[in-house]
Each structure stands twice: as C-alpha cells, then as structure tokens.
Amino acid sequence: MNSKALLNLMYLPTLILFSVLIFFPFIKGIDISLTNWDGYSQEFRRIGLENYKRMFSDPDILNVIKNTFIYGAGSTLFQNIIGLGYAILLNISIKGKGIVRTIVYLPVIISPLIMGYIWYFFFQFNGGAVNDIILLFRDKPMNLLADSEVNVWIITFVNTYQYLGIAMIVYLAGLQSISKDYYEAAQLDGASGFSQFKNITLPLLAPSITINVVINLIGGLKLFDVIKAMTDGGPGYASSSLSSMMYQIYFARQDAGYAASLGNLMFVIICLVSLSALFYLRKREVSE
Amino acid sequence: MNKTTRKFLPLIFIISIFHILPFYVLITTSFKAVDDVSSKWVFPGYWYIDNFINVWKGANLGQAFFNNIIITVVSVLLTVVLGAFAAYPLARYKTRLNRFMYTLFISVLIVPPLTILVPLYKMFVDVGAMNSNWGIILLHVTFHLPMTIFLFTGFIGTIPRELDEAAMIDGCTRLSLFVKVIIPLLKPVTATVVILASVGIWNDYQFSVFFLSDPDARTITVSLSSFFGQYNNNIGWVAAGSLTAALPITIVYLFLQRYFITGLSAGGVKG
C-alpha cells in the first residue's frame, strides 16, 4: 500500500468507533422503539408504531416538549445577549479584566450536576439563600423549585449562568478580529455609538453569532444534569425535558421501547432546530 | 483611564460579585456544622471540616477520584491521538470521500447522547462493558472526537502547504511528515482540545450514571448524586463533596487557561 492510501485511512479508527457506538445504536434504537421491550427481559414483541401513537396522546408530552424548547431557546437568547454585552464590556482596556473574564468563565469548568446542587442551595425551600431574602419581605418562605410556573425558568437561568462564559469568549475572539479602522472611519463620519454597533459590530460578528447560537441551542435542547440535580424533572413531569422524561421512563418505569421512541423524537427536534438555525444564520453571514 | 472606562467600572464590579456568589455560598455551606441553621449568606466564623471527612468516607470518594483520574487521562489521550490522525487527511486531501467523511464526523455533534441510550445500554450489557473503564472510555472518546476533529482540521488548514512540500523534497514520507512536522505545530490547539475534553469527561454525569452503577466503578458525580439522593437533608456534606470534586479540574484549568483562548480562536473561530 502506498503512503497516500495509508494516509487516507488515518480516520479509519474514528470511523469504526462512530459506526459501533453511534450509527449502529442509532439504527438499533429505531428498531427498539417499535417493540414493547422493558429493558431487561429476553421476551418482547414488535408492536409497530404503538409507542409513537402513545407518545402523541401522552398527557405530559406537550408540556415536556414546551419545557425542552424553553431550555433551548431561552438559554440561547439569554446567553447570547448577556454574553455579547459582557464581551463588549470586557473588551475595553482596563486593568484586571482578565480576572473578571476568568470569573465569568469558571462555571463552565464545574460539572453541570454540581452547578445544579450549588443553585439548589439558593432556591431550596428550607434555609435556601433566596428564601432568606424573601423572608425580609414576606412572612412565609416560597417553594420555588416545586412551583411549575417558576422552576423551568430557574433551570433555564442556571444553564444560562453556567455557559455564559463560552458565549463571552467566542464573542471576545470575534470582536478582537474586527479591524479598528472601521470604527475610526465611522467616528470621522460622526456615527453614534449605537449606529457603530448596529452597522459595524453586529454584521462583522455574524460568524461568532452562528457558532454561539448553534452550540447553545444543541446544549439547551438536550439539557439533563441540571434538571436532575435541581428538581429531578418534577413535580410530576412539570420541569422535565425530553432527556429527563426519557430517563424516568427507562429507569423508573422500565419502559425501554417507549423511552427509545422519546429519544428518537428528541433527535428529530434537535436536528430540525439546529440545522434550520445553522442554514438561516449562514445565509445571513454571506449576504452581509 | 478615560471617562467612559471609569463609568463602566461599577458595572464590572457588580458582575464579578454576581459570578462569585455561587462559589461563596458553596464554601460557606461546606464549612457549616450540621446543626448550624444560620443564613447561607453568613460566613460560618469557624472552620468545621467534618463535612469533608464524612463525605470522603461515606461516598467512597477516594475510589471515585481514582476512577475519575484513570478514565479522564486515558480518554483524553485517545481523543487527542485519534483526533489528530483523523484530521490530517481531512484537512489536506479534500477528495469527495474525505469531504463526506468530514461532514459525517461533524454531524455527530448534533446527536444527543441520550437519544441512543437505550440501544447502547443493551449493547453494553451484551458485551460485558457495564461498570468497566474501557466501555466508558470508548464512549467518552467517541463523543469528544467530533469537536476535536473540527478544531484540529480547522487548525491544520491554517498551516501552509508549502511546509509539507518542503519536507517531502527533503525526503520525508507523508507519514513521517505528519509525525515530525505537523504534530509539533499542533501544540496550541491541542491545549484547547485537552481542556475541553478533560472538563467534559471529568464532569460527566449522563453516561456515568447509566454505565457505572456499581459502587466500586462509580465516578465522582455518580457517587455525589447517589449520596445526595440518600442524605438530601444534609446539605453540608453535599457542598463539601461538590467543592472537593470541582477543585482538581479548576486547578488544571487555571494552569492551562492562557493556551486555551489562543487555541480556540486559532482552530475554531478563525480557522
């Protein structure tokens, strides 16, 4: 074999790993979703599209899909707006900005599960740090994590807080690649700070926006650890995402066939959402 | 320092305080005695280390740390080696097949690991990979390869081809060219890959909780979560365990962080 052919095969180990641990299980998962397998026994039978029919008539599914979208879209929106604000703020030349950047980035290093526990200390019913403040104004503490209107937003907040650092870093790298000449020329023309931001900064940041939005969407839509730590998806399925609902159905209810069909629904949603975001943002990049 | 800069200083100060808060509450909580019911905003005023001792013994954190270190080190090494090998032909020989392979590898980024959980679990049981280091290592490597290949391919693309050609004229084979010329140039992006992968693998929960259920095979996050399940009224222990678990990876990051951003922007944002 000549060395050129050999070089082309350098990705062979990766291809084998992907085939065995991703592509094959993915196809196998479609097969399992068509059965009533419980995850343990040797006996099970094919039931056609029964699991999918069940999924669309599940009383919890709409709320769980809604939560998944809140985690995905909410985190993406907040991370990008705040992350861009932080990047612009920490791009100005002052002493100690490196330390502030490190402080903002530090939560990225912590396990999402542990980050969930830390914020649990804030929001927990008995002796939570937030309730210490609420008690200054009210005579009763609030069980925020059990309130289905609030807990989804608390979890979105924790996920945003944790990954703000990544958005900030990507925007900082983008800002630093914009030539100062543009701003000098705009200042000579008398353009205001806001119009400089709108006409120079935003368009030239388009590639950073694409990367951030797509990464944040994928991350938010498959959120799991934080939910597990803070509410375990409850009460009921009130704060569950598709991942945590799937975890419950598989492990607590031993319903592997149904869990597999939920997994496939999650894949379809993440694929559709992130690919449409990618293509839309890429197109905007080119036209600007 | 000009006037506008000074105007933003209070804002930057508030942001820093806001981002330190969770760590402050984690530390105060971890040093408080079980019967201390004072507010979490108040510092204990004494040094109570029993939480750390109790959680270390009770959650078997020694064994968990050992497992975490083995799994993280081996997975990161394999990710770097396989990723660099795969990225080289994908960056240098853009045949139709290689372009397809690149798209295929990167598209794995979209697959949520939990989608394929059920079939993976069945497969792990069938081949005896449950509670084994090798099983979880192969999984970590697989799920960290797409980002690694993306960063390496982007970075190799910025290395001038003339360098390859010059080395070939000097008598290098393509393989020795890769080992002797390209690999040494990959240092900055390798630092980024090492940080991203080691943070992700050290902190992993979603795979470990499924595939490492045996108490002796558990990693830190799994030990902590099962401990939290049993003793969720003893917040001091959980806080002490969380602090202990987060410390090693934070120290590693603080040492490597100056290479991190350089590599990230060279391999990803600009490349």
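(A) Structural detail: the overall build of chain B. A tally of helices and strands in chain B yields twelve helices and zero strands. What you see in chain B, going N to C, is helices and strands ordered as α-α-α-α-α-α-α-α-α-α-α-α. Its C-alpha atoms give chain B principal-axis dimensions of about 75 × 65 × 30 Å. Every one of the 271 residues in chain B was classed for burial, and the buried ones make up 54%. For chain B, restricting intrachain contacts to residue pairs at least 6 apart in sequence, the fraction spanning at least 24 positions comes to 71%. For chain B, the computed accessible surface area is about 12,200 Å², with 68% contributed by carbon and sulfur atoms. Averaging the coordinates of the 18 positive side-chain charges in chain B and doing the same for the 11 negative ones gives two points 14 Å apart.

(B) Representation of the interface of chain B and chain A within the structure. Taken together, the contact pairs 87 residues of chain B with 86 residues of chain A. When the buried area of chain B at its contact with chain A is split by residue, B:H19, B:I110 and B:V118 rank highest and sum to 9% of it. For the pair chain B and chain A, the number of links is zero salt bridges. Of all elements in the fold, only α1 (3-30), α3 (61-92), α4 (96-107), α5 (117-127), α6 (133-157), α8 (174-185), α11 (220-230) and α12 (235-269) of chain B reach the threshold of two or more residues within the side of chain B that touches chain A.

(C) Expanded view of the packing of helix α8 (residues 151-176) of chain A against helix α11 (residues 206-221) of chain A. Residue and element names in this part refer to chain A. One way to put it is that α8 packs onto α11 with a least axis distance of 9 Å and a crossing angle of 160 degrees. Taken together, the axes of α8 and α11 are roughly antiparallel relative to one another. Between α8 and α11 lies a crossing whose hand is right-handed. From α8, N159, I166, A167, V170, Y171 and G174 reach across to α11, where they touch S208, I209, I211, N212 and G220. Broken down by class, the residue content of the contact of α8 with α11 amounts to six nonpolar, five polar and no charged.

(D) How the structure looks around the nonpolar core. Counting residues in hydrophobic clusters, the biggest one holds 170 residues, and the most contacted among them are A:M230, B:Y88, B:V118 and B:F211. In terms of residue count, the dominant contributor to this core is α3(B) (13 residues). If we skip the residues at most four places from it in the chain, B:F211 touches B:L117, B:L120, B:Y121, B:F124, B:M130, B:N131, B:I136 and B:L139.

(E) Highlighting the environment of A:L204. Residues and elements named next belong to chain A. Looking at the element boundaries, L204 is found in helix α10 (residues 193-204). As for L204 and L175, which are separated by 29 residues in sequence, their C-alpha atoms are 8.3 Å apart. If near-sequence neighbours (up to four positions away) are discounted, L204 is found in contact with I178 and Y182.

(F) Just the confidence of the model for chain A, in detail. Per-residue pLDDT for chain A averages 90, and the proportion of residues at 70 or more is 98%. Within chain A, helix α1 (residues 3-8) of chain A has the poorest average pLDDT of any element, 69, and helix α4 (residues 61-89) of chain A the best, 95.

(G) Quick peek at helix α9 (residues 180-188) of chain A. By the N-cap criterion, in which a side-chain oxygen at the helix start approaches the backbone nitrogen of a residue two or three places on, α9(A) is capped by A:S179, the distance to A:D181 being 3.1 Å. Where α9(A) terminates, the next one or two residues include A:G190, which has phi positive at roughly 80 degrees.

Cut-offs and rules
- Residues numbered from 1 in each chain as written.
- Chains lettered and ligands numbered in written order.
- Predicted model: local features only at pLDDT ≥ 70, side-chain atom pairs only at ≥ 80, totals over all residues.
- Heavy atoms only, no water.
- Helix = DSSP H or I, 4+ residues; strand = E, 2+ residues; numbered from the N terminus.
- Buried < 20%, exposed > 50% of the residue type's maximum accessible area, 1.4 Å probe, protein only.
- Contact = heavy atoms within 4.5 Å.
- Areas by Shrake-Rupley, 256 points an atom, 1.4 Å probe, with all protein chains shown as cover.
- Lys, Arg positive; Asp, Glu negative; His and termini not counted.
- Charge placed at Lys NZ, Arg CZ, Asp CG, Glu CD.
- Buried area = accessible area lost by both parts, 1.4 Å probe.
- Salt bridge = Lys/Arg side-chain N within 4 Å of Asp/Glu carboxyl O.
- Axes fitted to C-alpha atoms, helices over the stretch in contact; angles between N-to-C directions.
- Parallel < 35°, antiparallel > 145°, perpendicular 65-115°, else oblique.
- Left-handed = near helix turned anticlockwise from the far one by under 90°.
- Nonpolar A, V, L, I, M, F, W, Y, C, P; charged D, E, K, R; others polar.
- Core = buried A, V, L, I, M, F, W, Y, C linked by side-chain atoms within 4.5 Å.
- pLDDT = per-residue confidence, 0-100.
- Polar contact = N/O pair within 3.5 Å; in protein donor to acceptor, adjacent residues only side chain to side chain.

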